[in-house]
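Each chain, letter by letter, is given below.
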Amino acid sequence: MKTVLKTFAAALLLGAAAMGVAKADPVKIGVAAEPYPPFTSPDASGKWVGWEIEFIDAVCAEEKLDCVITPVAWDGIIPALTTKKIDVIASSMSITAEREKTIDFSDKYYNTPTAIIGPKDQKFGATPDDLKGKVLGVQVSTTHSAYAKKHFGPTAAEIKEYQTQDEANNDLAAGRLDAVQADSIALDAFLKSDQGKACCDLKGMVAPDDEVLGPGVGAGVRKEDTELKEKINAGIKAIRANGKYDEISKKYFDFDIYGGGGAQSN
Amino acid sequence: MPPALPSAARASNPGATLIDALLSASAAGIIELLSPYPPGWGGTLLLGLLHSIEIAVGATVLGLLIGTGGAFGKLYGGPVVRDLLAVYTTVVRAVPELVLILLLYYAGTDLINQALTAMGYQRVDISGLAAGIAVLGFVQGAYSTEVIRGAILAIPQGQIEAARAYGMSPGLMLRRITLPAMLPFAIPGLANLWLIATKDTALLAVVGFYELALATRQAAGVTKAYFTFFFAAGVLYLILSLVSNLLIGRVEAWSRRGMPSLKDAR
Amino acid sequence: MAGEATLINAAARTSLWLQPHRIMLILVAVALVLGAAFFMRWDWLPQYYEMGLLGIWRSLWILAVTCFLGFLLAVPLGLAQAAGPFWFAAPAKTFCTVIRGTPLLIQLWLLYYGLGSLFPQYPWIRESWMWPYLRQAWPYGVLALTLSFAGYEGEVMRGAFAGVPKGQLEAARAFGMSRWKIFRRIWLPQAIYRALPTLTGETVLQLKSTPLVATISVIDIFAVSSKVRQDTYLTYEPLLLLALIYMTITGILVFAFSKIEARIPNKIG
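Thresholds, definitions, all that
Residues numbered from 1 in each chain as written. Chains lettered and ligands numbered in written order. Predicted model: local features only at pLDDT ≥ 70, side-chain atom pairs only at ≥ 80, totals over all residues. Helix = DSSP H or I, 4+ residues; strand = E, 2+ residues; numbered from the N terminus. Buried ≥ 20, exposed ≤ 12 C-beta atoms within 10 Å, placed from the backbone. Rg over C-alpha atoms; globule rule 2.2 N^0.38 Å. Contact = placed C-beta atoms within 7 Å. Nonpolar A, V, L, I, M, F, W, Y, C, P; charged D, E, K, R; others polar. Core = buried A, V, L, I, M, F, W, Y, C linked by C-beta atoms within 7 Å. Axes fitted to C-alpha atoms, helices over the stretch in contact; angles between N-to-C directions. Parallel < 35°, antiparallel > 145°, perpendicular 65-115°, else oblique. Left-handed = near helix turned anticlockwise from the far one by under 90°. Pairing = 2+ DSSP bridges.

Re the overall build of chain B
- The helix and strand inventory of chain B stands at 11 helices and zero strands.
- In sequence order, the secondary structure elements of chain B are arranged as α-α-α-α-α-α-α-α-α-α-α.
- For chain B, buried positions account for 42% of its 266 residues.

Some points on the overall build of chain C
- Within chain C, the secondary structure is distributed over 12 helices and zero strands.
- Sequence-ordered secondary structure for chain C, helices as α and strands as β, is α-α-α-α-α-α-α-α-α-α-α-α.
- Compactness check: chain C gives a C-alpha radius of gyration of 24 Å against a globular reference of 18 Å for 269 residues, more than 25% above the reference.
- Across the 269 residues that make up chain C, the buried fraction comes to 35%.
- Of all intrachain contacts in chain C linking residues separated by at least 6 positions in sequence, the fraction that spans at least 24 positions is 78%.

Focus: the interface of chain C and chain A
- Counting residues at the interface gives 13 residues for chain C, matched by 13 residues for chain A.
- Considering each element in turn, the side of chain C that touches chain A owes the most residues, three residues, to helix 11 (residues 221–232) of chain C.
- Classifying every residue of the side of chain C that touches chain A gives four nonpolar, six polar and three charged.

A closer look at helix 6 (residues 165–173) of chain A
All names here are of chain A.
- Counting buried residues in helix 6 gives nine out of nine residues, a clear majority hidden from the surface.
- Burial in helix 6 covers these residues: Gln-165, Asp-166, Glu-167, Ala-168, Asn-169, Asn-170, Asp-171, Leu-172 and Ala-173.
- Positive phi shows up at Gly-175, right after helix 6, with a value of about 80°.

Some details on the nonpolar core
- Grouped together as the largest cluster of nonpolar side chains are 192 residues, with contacts concentrated most on A:Ile77, A:Val88, B:Ile101, B:Phe230, B:Ala233, C:Leu105 and C:Ile106.
- At 13 residues, helix 6 (residues 128–154) of chain B tops the list of elements feeding residues into this core.
- Residues in contact with C:Leu105, not counting those within four places in the same chain, are B:Ala202, B:Leu203, B:Ala213, C:Leu212 and C:Thr215.

Digging into the packing of helix 5 (residues 97–118) of chain B against helix 6 of chain B
Residue and element names in this part refer to chain B.
- In the contact formed by helix 5 and helix 6, the axes pass within 9 Å of each other and the chain directions differ by 130°. With respect to their mutual orientation, helix 5 and helix 6 come out oblique. At the point where helix 5 passes helix 6, the crossing takes the right-handed sense. On helix 6, the residues touching Glu-97, Leu-100, Ile-101, Leu-104, Tyr-105, Gly-108 and Thr-109 of helix 5 are Ala-131, Ala-134, Val-135, Phe-138 and Val-139.
- Looking at the contact of helix 5 with helix 6 residue by residue, the class counts come to nine nonpolar, two polar and one charged.

Brief notes about the packing of helix 8 (residues 138–163) of chain C against helix 10 (residues 179–209) of chain C
All names here are of chain C.
- It is the contact of helix 8 with helix 10, at a shortest axis distance of 9 Å, that shows an interaxial angle of 150°. In terms of orientation, helix 8 lies roughly antiparallel with respect to helix 10. Between helix 8 and helix 10 lies a crossing of right-handed hand. In this structure, helix 8 contributes Leu-145, Ser-148, Phe-149, Tyr-152, Glu-153, Val-156, Met-157, Ala-160, Phe-161 and Gly-163 to the contact, and helix 10 contributes Trp-187, Ala-191, Arg-194, Ala-195, Thr-198, Glu-202, Gln-206 and Ser-209.

Here's the deal with the sheet that holds strand 7 (residues 114–119) of chain A
All names here are of chain A.
- Strand order in the open sheet formed by five strands is 9-8-10-7-11, with mixed pairing between adjacent strands. With one partner strand each, in any of the chains shown, strand 9 (158–162) and strand 11 (200–205) form the two edges of the open sheet. Going from strand to strand, the sheet's axes swing by 30° on average, the running direction of each strand aside.
- The sheet strands contacting helix 5 (residues 143–152) are strand 7, strand 8 (135–139), strand 9 and strand 10 (179–183), and the helix crosses strand 8 at an angle near 150°.

Shape is all these values report; function is a separate question.
Shown next as structure tokens:
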């Protein structure tokens, strides 16, 4: 009886799953489904483009991995990794001690300073005193939200958390926020857009805090996937050495986004 | 300290005004944005709509299957089956769809895979489409159960007794009498469920699932034409509802063929 | 004596309800709850306890305000459709069709991201007294949920107004009541009585719609649970607790409405 039941249950499960079975082999690269230019964003034809997409494609090509870009909500990107909906997170995720409790990271592949932007018609800087009484926007569960809470929490009127960087930027342009803190490159892309040019400018870089901001951005993998992690590390090293990394970066940036060796520049 | 905010090399097109950026108010701009061919985003939206319809159809069919089983279980099942079904319909109807979708989306695939590995089978990859259909179908099933149960109860008792008197087997009676006789009573409720299903697909956007709402959000995020795109998506959903209403009217008339018209009955 | 009778009655009902298989099911449920309590991680609870209570308070507040305002709006919408001339009926019908034909999520995003991003380009809006409200998220959430409730309930009110027997209105007219008096004394109360049974369902549906405001950065109980998920990387615990909270609120709502309905005379019409 038990075996019959077991087979029946398995058949049911398989049946339920059968319509969704894909080929098990390709490595699924998880990126946030929400646009994060210039790193990851969809174009009008639904293709994913940006620096990070080209970067991870180059790593995969180097290591002969069959990679497919799989968009998932940023909000659930770590659960998506741990429940094997994706195999790698390549979505500008900073390496932090807190995240390393749950997942593993590859070596960092870029590291850029953290900036604060605000409306053009207001003059202020990027210190806790400057943000006194202001409404600051950050993306949820990022190093920036952790930093903002630690350093600006006591002085700012409110720290608003957004599901995507895009929404925070949009609310700044719509006058609902007084300032936004995020990665300087992502903010720079926004300031150069028509919307950003019209409303906002750079207020400054925040004071460093390596403990919160971490050593940079790495690719997230499950703790047990050490082989995959080694492959990605080898791939990063190889494209750093053979010039592919610089070649891709030159298309997007006019400076080195890899950041200084050990110590951060800011 | 870094010298200044690093600048991205990607140039944005100059000369556009703030209003253009926010509203893309010019008719030509809107047409260009919504054009079905890239760089217009119309194609993306239509693809999203197609996904939404696929999920809604799948979820409604799955919901119907669960609902039919559930209704018969509630009416003719043993005490344990009845109580379990009561728990199922109560819980699903008391908890917001958004919460259920998140729970089932993460838990569902995880549980299936854990069950499969526990029984010694290979774990399977569940595609987004299958997961979306399963999750919404599970929710729809609870509502369908109640609709179909009510419809079966509305069948004149004499018809079922007559079938029994003819010595029909339960299977034959189900196929020949119960299902066809129940249909006219069930269709208004089921039609309503179909409309709810089409609208509930939008909730899947929150788990990063590619359908019309997420496609719209991506398009709006990249182009910053929030108003244009959300408005366009609203129009697409509305068209879907109106067309559905038209078809539902036809189906209802067909299912009532040979019955006294509602107006005469009053 | 009477007290004893009710006691026996209650005991009989309990024994009827507590059949052997139910006891088994309850034991299974208790085991599941205990298992969840012991084997899952709940150490985050003390830290988010206050935030959670505030979130529940916000959800309930949004629910109450939007249901109340939505119902006020539904009355004219229903009346216009049931008895109004064409130029009142047509816009009301269009409004209900559009609200019912599009997802609430899209309506919410259209208002917050679409409409809200148009305001700041007009200096007079930025300088007006409304701006401190317009720059927050909750007014958009309240507006969208109110319109949604009005759209669905407006359709119900249309049927309720149309369902009041003609004879009653004719009798009122025969008494020489003015039109306003007929509406206030006869038509509206009767229509509301007729619509009341649907209110329970509509209010529960509205409760289930409130978590959508979390997508426009309002911190309701759903947003608090998302925050816990994002801070702790736990997937199931915050969601399970959230489902339990919503079930409790629904249960209380249904119970309260059944009490209210029992007090209202049902012999009407």
